[in-house]
Amino acid sequence: MGEEEKLQIIHSEGEEAKLQIIHSEDEEVQESEHNNGICSSICAPVNWFKMLAMELHWNFVFSVVIVYGVSQGLGGAFSRISTEYYMKDVQKVQPSESQVYSGITSIPWMVKPLWGLLTDAVPILGYRRRPYFLFAGSLGVVSMLFLSLHKNLHIVLALLSLTAGSAAVAIADVTVDACVAQNSGSHPSLAADMQSLCALSSSIGALVGFSLSGILVHLLGPMGVYGLLSIPAGLVILVGVLLKESPTHNFAYQQVNQNLTDAAKAMWNTLKCPEVWRPCLYMYLSFAVSVDIQEGMFYWATDAKGGPHFSKEYIGYISAVASIGSLLGAILYQYGLKDHSFRDLLFWTQLLFGLSGMLDLVLVLRLNLKIGIPDYFFMVMDASVTQLVGRLKWMPLLVLSSKLCPPGIEGTFFALLMSIDNTGLLTSTWFGGLLLHVFKITRTKFHNLWLAILIRNILRITPLFVLFLIPRSDPNSSILPDEMSDSKETTGTSATQNENIELVALVLNMDTR
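- In the nomenclature of an unreviewed UniProt entry, the protein is known as Folate-biopterin transporter 2 of Solanum stoloniferum.
- Recorded under Subcellular location (unreviewed entry), the UniProt text for the protein is reproduced unchanged: "Membrane".

### Some remarks on the overall build of the protein
Reasoning step 1: A count of helices and strands for the protein gives 20 helices and two strands.
Reasoning step 2: Out of the 513 residues in the protein, the part that is buried amounts to 51%.
Reasoning step 3: The contacts of the protein with a sequence gap of at least 6 include a subset with a gap of at least 24, amounting to 86%.
Reasoning step 4: If you sum the accessible surface of the protein, you get close to 23800 Å²; carbon and sulfur atoms cover 65% of it.

### Here we look at the packing of helix α2 (residues 58–90) against helix α8 (residues 191–228)
Reasoning step 1: Running from amino to carboxyl end, α2 crosses α8 at an angle of 35°, the nearest separation of the two axes being 6 Å. Crossing handedness for the pair α2 and α8: right-handed.
Reasoning step 2: Residue classes in the contact of α2 with α8 are distributed as 25 nonpolar, nine polar and one charged.

### Thoughts on the packing of aromatic side chains
Reasoning step 1: The tally for this structure, following the rule as stated, stands at eight aromatic pairs.
Reasoning step 2: Seen from the ring of F353, R460 lies directly overhead, with NZ or CZ sitting 4.0 Å from the centre.

### Observations concerning a nonpolar patch on the surface
Reasoning step 1: Judged by side-chain polarity, I215, L219, L220, Y314, Y317 and Y376 come together as a nonpolar surface patch covering roughly 540 Å² of accessible area.
Reasoning step 2: Those elements that place two or more of their residues in the nonpolar patch are α8 and α13 (312–337).
Reasoning step 3: For the nonpolar patch, the leading source of residues is α8, giving three residues.
Reasoning step 4: Taking relative accessible area as the criterion, I215 reaches 30% and is therefore assigned partly exposed.

### Describing the confidence of the model for the protein
Close reading of the predicted structure is inappropriate where its pLDDT is low.
Reasoning step 1: Per-residue confidence for the protein gives a mean pLDDT of 79; residues scoring 70 or more make up 81%.
Reasoning step 2: Model confidence for the protein, summarised as mean pLDDT per element, is weakest for strand β2 (residues 502–503) at 38 and strongest for helix α19 (residues 449–461) at 93.
Reasoning step 3: Below a pLDDT of 50 lies the segment residues 488–513, which in the model reaches 57 contacts outside its immediate sequence neighbourhood of four places, other chains included.

### Examining helix α12 (residues 294–303)
Reasoning step 1: Most of α12 is tucked away: eight of the ten residues are buried.
Reasoning step 2: What α12 keeps buried is the set E295, G296, M297, F298, Y299, W300, A301 and T302.

### What about helix α11 (residues 274–288)?
Reasoning step 1: With 15 residues, α11 extends 21 Å between its outermost C-alpha atoms, agreeing within 8% with the 21 Å of an ideal straight helix rising 1.5 Å per residue.
Reasoning step 2: For α11, the full list of buried residues reads V276, P279, C280, Y282, M283, S286, F287 and A288.

### Let's talk about the nonpolar core
Reasoning step 1: With 69 residues, the main nonpolar core has F60, Y333 and L417 as its most contacted residues.
Reasoning step 2: No other element matches α2, which puts eight residues into this core.
Reasoning step 3: Contacts of Y333, omitting those with residues within four sequence positions, involve A192, S196, K338, L345, L392, M395, P396 and V399.
Reasoning step 4: Judged by nonpolar contacts, the second largest core, of 52 residues, contains I81, A206, A301 and L361.

### A short note on the packing of α11 against helix α17 (residues 375–403)
Reasoning step 1: Two numbers describe how α11 lies on α17: the axes approach to 11 Å, and their chain directions differ by 155°. Relative to α17, α11 is oriented roughly antiparallel. Every pair of crossing elements has a handedness; the one defined by α11 and α17 is left-handed. Across the interface between the two elements, P279, Y282, M283, S286 and F287 of α11 pack against K393, W394, L397, L400 and S401 of α17.
Reasoning step 2: Split into classes, the residues belonging to the contact of α11 with α17 amount to seven nonpolar, two polar and one charged.

About the thresholds
- Residues numbered from 1 in each chain as written.
- Predicted model: local features only at pLDDT ≥ 70, side-chain atom pairs only at ≥ 80, totals over all residues.
- Heavy atoms only, no water.
- UniProt positions renumbered as here; feature names shortened; annotations may be inferred.
- Helix = DSSP H or I, 4+ residues; strand = E, 2+ residues; numbered from the N terminus.
- Buried < 20%, exposed > 50% of the residue type's maximum accessible area, 1.4 Å probe, protein only.
- Contact = heavy atoms within 4.5 Å.
- Areas by Shrake-Rupley, 256 points an atom, 1.4 Å probe, with all protein chains shown as cover.
- Axes fitted to C-alpha atoms, helices over the stretch in contact; angles between N-to-C directions.
- Left-handed = near helix turned anticlockwise from the far one by under 90°.
- Nonpolar A, V, L, I, M, F, W, Y, C, P; charged D, E, K, R; others polar.
- Phe/Tyr/Trp six-rings, centres within 6.5 Å; stacked < 30°, edge-to-face > 60°.
- Lys NZ or Arg CZ within 6 Å of the ring centre and 35° of its normal.
- Patch = residues over 30% accessible without salt bridge, like charges linked within 9 Å, V, L, I, M, F, W, Y side chains within 5 Å.
- Salt bridge = Lys/Arg side-chain N within 4 Å of Asp/Glu carboxyl O.
- pLDDT = per-residue confidence, 0-100.
- Expected span 1.5 Å × (residues − 1).
- Core = buried A, V, L, I, M, F, W, Y, C linked by side-chain atoms within 4.5 Å.
- Parallel < 35°, antiparallel > 145°, perpendicular 65-115°, else oblique.

This is the structure:
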């Protein structure tokens, strides 16, 4: 072999060695990037929470988790399943009656501005927030224990107790709503993130609650679950105990009437603004015409002769899986849809909301069995899709509401906007009860349930005709007129009161770490 051939062989072997080294380095880089991607995906939610705690203070995040996650999410899931079985098995009422009763218990959510005005304008012993947290928690504990300890309770007393428990949750909710609205004004770029935090806390709490609710109702009965609901109410008391608030000295109680009058005038002047009343009208109509016939579907799924006859555990599991749909909706909005215009997003979500209702029609007509899909699997899919679309519809409305609140009356006005939504939901609930009554849908007769579902689905599409009431503006921009956004008028209470409120640290302050 000549020298030239030896040099060629050595050269080729060197090139192959270099290529192998380069290839192995590329594999290491790709593997490192893959591992970094997994770590970043896992750490992203944690970093997001840290960012919110740094920007908005940890007490805001803590309050949201307790009120939205534990009280409303976990407690709301327990309350919903236990109340459905309480009305059906203990009180033995018809579906249409249960529908009306559920609307009655939601009335405290319609008068949220009243709770907001009281906390803003009527301090108790010099404190504006702490006494209302303590009162809300105590009211919740007493009402739930009363329900759990009394057998054969008259329907009127049962409704009063359930309404009192609902009022307790609503009063605690007002303070957090005020914080959300105020922080949305001071941190407009984080408005969508704050609503996502509320939605995620509520969805995770609901997921845990629904996962356990069916089992607990089966083991303890509806009344036993009411006893457990005193625990979330007790945590609201804990929030009130830990609340660090500077008392107001020498408060002129004779000014309360004037403060309430000023607040009412400020809200009325804001509502007269076209940029405000037009979205408010749309929000009411979008909820009011979306008829709710949930009780009819519940009775059919558990009692109907030709229905699936789901057990308590299955009802809880179905609701738990459905809450995952709600959680996915919040995540999808946060990471993919929050920057889209309000009108475009509401168009597609409202359209999907109407179309998703057709799944109920397929289930009631038993078409799913004809194509080989079991009832349990199909109902899980139905509930998940409905919750996901419902959350996607709700999120932009919450962000829009937070941006409609003028400075100085953020909390009270946000409560007013939420009461408008809740009034729409109450209209939907009572209209649904009337629909069930008209079509003679009872505990044993469900022949016309498919027709009620079809009418409901058609009505869900009708809000698209008034979508012009919603602005096309970017969610990150201001909606109120400049003269209203720049106004610093207050309604007899200082806008800085909320800034002096913080929870006593249970752990080290994250800002000092």
